[in-house]
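Now for the letters of each chain:
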Amino acid sequence: MPKKNELPTLTELPAYQALENHFKLISQLKMRHLFATDEKRVEKFSIKNKSILLDYSKNRIVDETIPLLCNLAREVNLESWRDRMFAGDKINNTENRAVLHTALRNQTNEAVFVDGKDVMPEVNATLDKIEVFSEKVRGGIWKGFTDKAITDIVNIGIGGSDLGPKMVYHALKPYHHKELTVHFLSNVDGAQIDDILEDLDQETTLFIVASKTFTTQETITNAHIAREWFLQSGADDEQISKHFVAVSTNLEAAAEFGIDTDNVFEFWDWVGGRYSLWSAIGLSVVLAVGMENYKKLLGGAHAMDNHFKETPLEENMPVIMALLGVWYNNFFGAESHGILPYDDYLRDLPFYLQQADMESNGKSVDRNGKKVDYVTGPIIWGTSGINGQHAFYQAIHQGTQMIPSDFIASILTHNSHQDQHDIMMANALAQTEALMKGRTLDETYTDIVENINDIEDIEDRIHHMVFEGNNPTNTLLLTKLTPHSLGMLIALYEHKIFVQGIIWNLNSFDQWGVELGKKLAKKIHAEIGQAETVTGHDSSTNALINYYRSVVYKGAIDD
Ligand code: F6P
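Everything numeric in this text was worked out from a predicted model, so none of it was measured.

Q: Sorry, what's going on with the site of the ligand here?
A: Around the ligand lies a shell of 14 residues, among which Ser-161, Ser-211, Thr-213, Thr-216 and Glu-359 are the nearest. At a separation of 2.7 Å, an oxygen atom of the ligand approaches a polar backbone atom of Lys-212. Note that an oxygen atom of the ligand is positioned 2.7 Å from one of the side-chain N or O atoms of Glu-359. Burial of the ligand by the protein chains amounts to 88% of its free accessible area of 390 Å². Its residues assigned to classes, the shell around the ligand comprises two nonpolar, nine polar and three charged.

The following block contains the structure:
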């Protein structure tokens, strides 16, 4: 029981306790049996929203499960939190900020207020500025210092200033400008900048320094190296403005770096880094696909925003996906969640979602600063489907951990290899069937006897070939991967993450967990350059720093 005047925590809520009872009743049920006894299962457990179909029938749920989960969502006041987010309330309480990435794609242009000021005019002004600039670059009108058109763009950024635009850039390959290539430089490892610059020409390269804070060590270090490289061409400081632009909330720091203020594309502190691809951080995407397509991407996200705002919880795609995640994390004890796109253009989606989800909900203190006594965000992982089948699917099928997974595929392909596409789709569908159904001992005998000649020692081997099944999956089918459907898909996951954060009573919009490592890295970096032996850390860290220094600076190399 909660103490007097204390709000109940998640596990004390009546809806949560009802779910615990429900779990005891149904957790042993087999999905293959549920399918066999209910021919309406797919109809009941799927949602079509414009170009996205979500089939969530292959989950360990019965008719009562979703209503019980929705009761939990209502008990934590999900709808009110959702409305507060869209209205610009400062729901990011530890940073005292609004959370308004939805305003960036608000195509109705209805006013959205932060501190009494409508943000839509500045959102639209930045979009206009991006459009003018991108049209010049795309049309070859923007010239480099030797009067040549730009052919290569390097986006220098990390985290949200890299993963979002990179994922969208690769996803929208069929829409790319044919004479422009975008490269993404994020790692402070000098190998990456060398690899990228090796094939580029200073006269035709444009750098975008993308950093919300403009203080991120990796990005600023890379930007300085890029500037040195540019100046090696014989260009002078004056000509930097033709080759360097910036995207940031910190206009002063961008100007200090030497970027012409006319070439700085602004966004605002109410846009979280991992939600920033809809802001000027999307500049590299606009350069690649053009403003018209970028606006379709925003339009898709806006359509999903409306769905999330207006659809009853029981039919609401992000809500259902979020609640299923809670069902597995908090009741079945699942610890991770697989993202398995069967579309090569979506190959970066798992990496993008790792940050979106784990930086948002990888937290163990609730929004009131209290340690939680329940499990929160899962580990998000995955890779493009077919490759994953030949790598880690073994563990999903027969391992000891439950790994709920999302299978994401596009029905229509952009390429002309329909046969290949059919093979890939067949595999995606076969995997979800196999994960759900499994293969019983009897079925295994039948399969094996039919398919192998030597059945002498079958008794020893047969148990290795049995699949328990009952592994949950969602299937998301996009009619086609277009800017609009991609916008919908990304916003779907953003809202899913939001809903889970509300259920777990987290602030999904801060990221204090990345700070300590950054602070210690600065200290260690300074120590690496000192002459004295380092002694100020634990013995392992001291020894590792000193060993590193002995090899790099004192030449103590072993064979
Ligand atoms: O270190 C994590 C983080 O703060 C992310 O949240 C952010 O997306 C990334 O670093 C990059 O930050 P910035 O855009 O300010 O360079």
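Q: Sorry if this is basic, but what is going on with the pattern of salt bridges here?
A: Close approach of charged atoms allows side chains with opposite charge to pair. Counting across every chain of the model gives 21 salt bridges. Close ionic contact of Glu-359 with Arg-274 constitutes a salt bridge, the shortest N to O distance being 2.8 Å. Of this pair, Glu-359 sits in helix 13 (residues 349–361) while Arg-274 sits in the loop between strand 9 (264–266) and helix 11 (283–310), and the two are 85 residues apart along the sequence. Of the residues examined, Glu-359 reaches a relative accessible area of 22% and is grouped as partly exposed. A salt bridge links Arg-347 to Asp-344, with the shortest nitrogen-to-oxygen separation between them at 3.4 Å.

Q: Quick question: what am I supposed to make of the packing of aromatic side chains here?
A: Aromatic rings in a pair are described by how distant their centres are and how their planes are angled relative to each other. One pass over the full model with this rule turns up 25 aromatic pairs. Relative to Trp-327, the ring of Phe-23 has its centre 6.1 Å away and its plane inclined at 85 degrees; by these criteria the two rings are edge-to-face. Taken as a pair, Phe-23 in helix 1 (residues 14–26) and Trp-327 in helix 12 (residues 317–332) lie far apart in primary sequence, 304 residues in all. Both rings, one in Phe-207 and one in Trp-229, keep their centres 5.9 Å apart while their planes meet at 85 degrees; by these two values the pair is edge-to-face. Placement of the pair is Phe-207 in strand 7 (residues 205–210) and Trp-229 in helix 9 (residues 217–231), with a sequence separation of 22 residues. Residue classification places Phe-207 among the buried residues on the basis of a relative accessible area of 1%. Within the aromatic cluster, the residues linked to one another by ring pairs are Phe-145, Phe-207, Phe-214, Trp-229, Phe-230, Phe-244 and Phe-257. The cationic tip of Arg-41 hangs over the ring face of Phe-35; the distance from NZ or CZ to the ring centre is 5.1 Å. Above the face of the Trp-278 ring, Arg-105 is positioned so that its terminal group lies 4.6 Å from the ring centre.

What counts, and where the lines are drawn
Every residue gets a number counted from 1 within its own chain, in the order that chain's sequence is written. Whole-chain, interface and lining totals are the exception, using all residues; otherwise, since this is a predicted model, local features are given only for residues with pLDDT of at least 70 and side-chain atom pairs are given and counted only at 80 or more. Computation of side-chain values: all heavy atoms of the structure, hydrogens and water removed. Throughout, near means a residue has at least one heavy atom within 4 Å of the molecule or strand. Two N or O atoms form a polar contact when they lie within 3.5 Å of each other; inside protein one atom must be a possible hydrogen donor and the other a possible acceptor, and for residues adjacent in sequence the pair counts only when both atoms belong to side chains. Here the accessible surface of atoms and residues is derived via Shrake-Rupley with a 1.4 Å probe, and residues count as covered only by protein chains that are part of the display. Here the term charged refers only to Asp, Glu, Lys and Arg, the term nonpolar to Ala, Val, Leu, Ile, Met, Phe, Trp, Tyr, Cys and Pro, and the term polar to all other amino acids, Gly among them. Here, a salt bridge means any side-chain nitrogen of Lys or Arg that lies within 4 Å of a carboxyl oxygen of Asp or Glu. Secondary structure elements are taken from DSSP: a helix is a run of H or I of four residues or more, a strand is a run of E of two residues or more, and numbering for both begins at the N terminus. Relative accessibility decides the category of a residue: with a 1.4 Å probe and only protein chains considered, values under 20% of the type maximum give buried, values over 50% give exposed, and everything between is partly exposed. Only Phe, Tyr and Trp rings take part, Trp by its six-membered ring, and two of them pair if their centres are within 6.5 Å. Stacked means planes under 30 degrees apart, edge-to-face means over 60, and tilted covers everything else. In this analysis the charged atom, NZ for Lys or CZ for Arg, is taken to sit over a ring once it is within 6 Å of the ring centre and within 35 degrees of the ring normal.

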